[in-house]
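A closer look at the structure
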Amino acid sequence: MKSSKPKILFLLVAILILCHSVEAQKNTRQNISPADQIKIETLMRQMTIEEKIGQLSLFASGWDNTGPSMNNDYKKLIKEGNAGAVLNAFSVDYVREVQKLAVEGSRMKIPLLFGYDVIHGFRTIFPIPLGQACTWNLKLIEEAERVAAIEATAAGINWTFAPMVDIARDPRWGRVMEAAGEDAWLGGKIAAARVRGFQGNDLKSENTLMACVKHFAAYGAAMAGRDYNPVDMSPVSLYEWYLPPYKAAVDAGAGSLMTSFNEIAGIPSTCNAWLLTDLLRKEWGFKGFIVTDWTAINEMVNHGVAEDNKDAARLAINAGVDMDMEGSTFLNYLGELLNEKKVSQARIDEAVRSVLEAKALLGLFEDPYRYCNKTRQETEIMTPEKLALARKMVTESCVLLKNDKQTLPIPAGVGSIAVIGPLADSKGDMLGGWSAAGEWEKCITLLEGIRNKVNGKIPVVFEKGCNVNDADKSGFEKALDVANHADYVILALGEDREMSGEAASRSGLNLPGVQEELAEMIINTGKPIVVVLFNGRPLTLTRLNEIAPAILESWFGGTQAGNGIADILFGDINPSGKLTMTFPKNVGQIPLFYNSKNTGRPFNPEKPDEKYVSRYLDVDNDPLYPFGYGLSYTSFTYSGLEATLSGDTVNIRAHVTNTGDRDGEEVVQLYVHDKIGAITRPVKELKGFQKILVPKGKTRTITFILTRDDLAFYHPDLKKYWEPGEFIIQIGSNSKETISTSIFLN
Ligand code: NOJ
């Protein structure tokens, strides 16, 4: 008779594995494989409390820091098991070296996450995110993030601190360059497209990158546009105008989320238990891990809600933060806090699991060097296809703000061109802020783009004229001279790349330095002139708009900036970009945004002198360029708008006719105004858009379908539902110029 011992042993092992995996499943938030679940549970059992806390600490490698460094010896920390992730370290060799410290040098051998701010490209730099948003091309934005992910992962990165989805209505805030503009609905669509682009279908693939949606929450509503300033707003506004893009990114599966520096109504986000746990985890079902912004835990002492760093660590972990970026507060104090019973073992374990799950999702337990492929690094970065996509993105992000007397495109017969201005040949500035590992030397400037285009057939003369931001006018004379001798002048003006981005708020939004004076002098020559703008935010261009025949907003276009702009200037591509942020007439109008309220005393343009109405004495209420605005080399008219109700849906139809003499793409925008609500409704809200090609002389019929739920809004009890009544449906080429009809919903 055979012994039954092996059978029993087998059964016991099977039961053990089953129990293990049932327990593992119970603890798991993310959809990870049974093998990874067991791996995580095994690690959880084996790790000391110090090693667990180590997983909750993120340290900078010392490159590209954006704040004070708390811990310079990150390599030692890794070997000791005191770090779970590293930021700002990239390139295959370096990442491999650092990863080796963790997987060969530390006791638990847990691989590290490698994070980096891949905001608008890694090496192939695309236009700044605000510019990308102006394409209104979600597919293109997703493709650009795909390229960013391919390049970043080819250089060892597996985690990006993007997308930044903060809604901003105040262009004084320098970080508007990193986001999608002022509209929450559009912001949500763009946020989801970015997450899809970074993460692809499978985070385990070697060319996908874990996204980190930031900065939760409402960082873009900093008072007076001053970075890091407090935010104070009604809960309804928070839900309606600021939270939707974060929610959209979470719903799209973003693997992580970053807390914001600001407070909301007195509570810094990094210790806001309602925000991080009740709303994000419980209401929205967020499954990823929560990391702070740079030293945001320590900053709670300055905010005045924590006595010291230890107290701040207690507040943050208990609010739901899982990982401390650079602050060392978790590393230094979580152990003590646990002993003092000020934080529970369960909360620490929950945070550790969420970090380990991210590592499992990225496939790091199977292969910690998954993102360290030298061949990929050598072959997949800045390839011709990627550069072509970046160039296409430049062309679609450019917004034509003015074009009198068909100044653009540059006529074929022009015999010579003068290119003037401090940004015409400034390679460094083309990248814009937050340009990851972008190489400024490889950027194509406007001057180079123009020279590439004319290919030596006509003379192109360059004069800088002045610097971006000082009072030196010594270059004016030469600039005037070249303008006088040219058939056509291109003036390149704007901000330098450091004037927007983090910690780059401005209280005035004019063209800095003496640039406006330079423009005035050159424009007075009477030559055909286009002003090409480079900037990271809406500027106040009232004077320039009065005097310049043509203005093209090009933002900071990245690696291919000059080539893409030249495609537009010479008419190879017809501009189609539309603003996603209002351009005010002056700073006093700020905050100025399209989805404003009517007030009880609205200004009536037919009675401009009426006194007791909502207006200014010295400027009207209208923006210089409204949300959704942007010209084309052709023209479009709208007609035949119809809205009909069928069951639960509103069917909308309109005709768009290209009345000009060249084919063109138009961003058709759908706005709705709910006439009467239990709480006041904006004068209009974007509810849909389509970017369509309309051949010259042709008419296209466009349809939109809205559900009743699309017309819902948040009420004071924070419930979202629609109310019966009349809705004005508007379709047009920007938020100001629309045709309208109305519909009743019961
Ligand atoms: C601070 C910035 O606010 C954040 O957006 C960025 O991701 C981190 N620094 C890391 O660089």
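Since the model is a prediction, treat every value here as computed from it, not as a measurement.

What counts, and where the lines are drawn
- Residue positions are given per chain, counting from 1 as you read along its sequence in written order.
- Only residues with pLDDT of at least 70 are given local features in this predicted model, and only at 80 or more are side-chain atom pairs given and counted; all residues enter the totals for whole chains, interfaces and linings.
- Water and hydrogen atoms were dropped before computing side-chain values, which therefore reflect all heavy atoms in the structure.
- Secondary structure follows DSSP: runs of H or I at least 4 residues long count as helices, runs of E at least 2 residues long count as strands, and numbering of each begins at the N terminus.
- Here the globule rule reads 2.2 Å times residues to the power 0.38, and the radius of gyration is calculated from C-alpha atoms.
- Partly exposed residues are those whose accessible area sits between 20% and 50% of the maximum for their type, while under 20% is buried and over 50% is exposed, using a 1.4 Å probe and protein chains only.
- Residue contacts follow a heavy-atom distance rule, with two residues in contact if any of their heavy atoms lie within 4.5 Å.
- For the area figures, the Shrake-Rupley method with a 1.4 Å probe applies, and any residue is considered shielded solely by the protein chains shown.
- For this count, His and the chain ends are skipped, Lys and Arg are scored as positive, and Asp and Glu as negative.
- Charged side chains are reduced to one point each, which is NZ for Lys, CZ for Arg, CG for Asp and CD for Glu.
- How far a helix is expected to stretch is found by multiplying one less than its residue total by 1.5 Å.
- DSSP bridges decide pairing: two strands pair if at least two such bridges lie between them.
- Note on definitions: angles span 0 to 180 degrees between N-to-C directions of axes, and those axes are lines fitted to C-alpha atoms, for helices only across the stretch in contact.
- The split into domains, and so the bounds of each, comes from an automatic or database assignment of domains.
- Distance and chemistry together define a polar contact, namely a pair of N or O atoms within 3.5 Å, with one atom able to donate a hydrogen and the other to accept it when in protein, and with adjacent residues in sequence counting only for side-chain atoms on both sides.

Counting its regular elements, the protein contains 23 helices and 25 strands. Taking 2.2 N^0.38 as the reference for a compact globule, 746 residues should give roughly 27 Å; the C-alpha atoms of the protein span a radius of gyration of 28 Å, in line with that estimate. When its C-alpha atoms are laid out on the principal axes, the protein stretches across 100 × 65 × 60 Å. Burial statistics for the protein: of 746 residues in total, 61% are counted as buried. Sequence-distant contacts, at least 24 apart, represent 78% of the contacts inside the protein between residues at least 6 apart. By element, 51% of the accessible surface of the protein is carried by carbon and sulfur atoms, the whole surface being about 28,300 Å². In the protein, the 80 positive side-chain charges and the 92 negative ones have mean positions that sit 5 Å from each other.

This brings us to helix α17 (residues 384-397). Spanning 14 residues, α17 covers 20 Å between terminal C-alpha atoms, matching the ideal 20 Å at 1.5 Å per step. For α17, the full list of buried residues reads K386, L389, A390, M393, V394, T395, E396 and S397.

Here the focus is the environment of S646. Within the secondary structure, S646 sits in strand β17 (residues 636-646). Look at S646 and you get partly exposed, because its relative accessible area is 40%. Taking C-alpha positions, S646 is 50 Å from N510, a pair spaced 136 residues apart along the chain.

With that out of the way, let us pick up the sheet that holds strand β24 (residues 725-732). Read from one edge to the other, the open sheet built from 4 strands follows the order β20-β19-β24-β25, with strand pairing classed as antiparallel. Only two strands of the sheet have a single partner each, and these edge strands are β20 (685-694) and β25 (738-745). On average, adjacent strands in this sheet sit at an angle of 20° to one another, irrespective of strand direction. Relative to β24, strand β19 (residues 664-674) is paired through 6 bridges, and the arrangement is antiparallel. The partner of Y671 across the bridge, within β24, is Q730.

By convention, interface size is frequently given as the accessible area that disappears when the constituent parts associate. The assigned domain composition of the protein is domain 1 (33-117 + 266-372), domain 2 (392-589) and domain 3 (636-745). Spacing between the C-alpha centres of domain 1 and domain 2 amounts to 44 Å.

All right, on to the side chain of R537 then. By secondary structure assignment, the location of R537 is in the loop between β15 (529-534) and α22 (542-547). Taking relative accessible area as the criterion, R537 reaches 0% and is therefore assigned buried. Only 2.6 Å separates the side chain of R537 from the backbone oxygen of P171, close enough to count as a polar contact.

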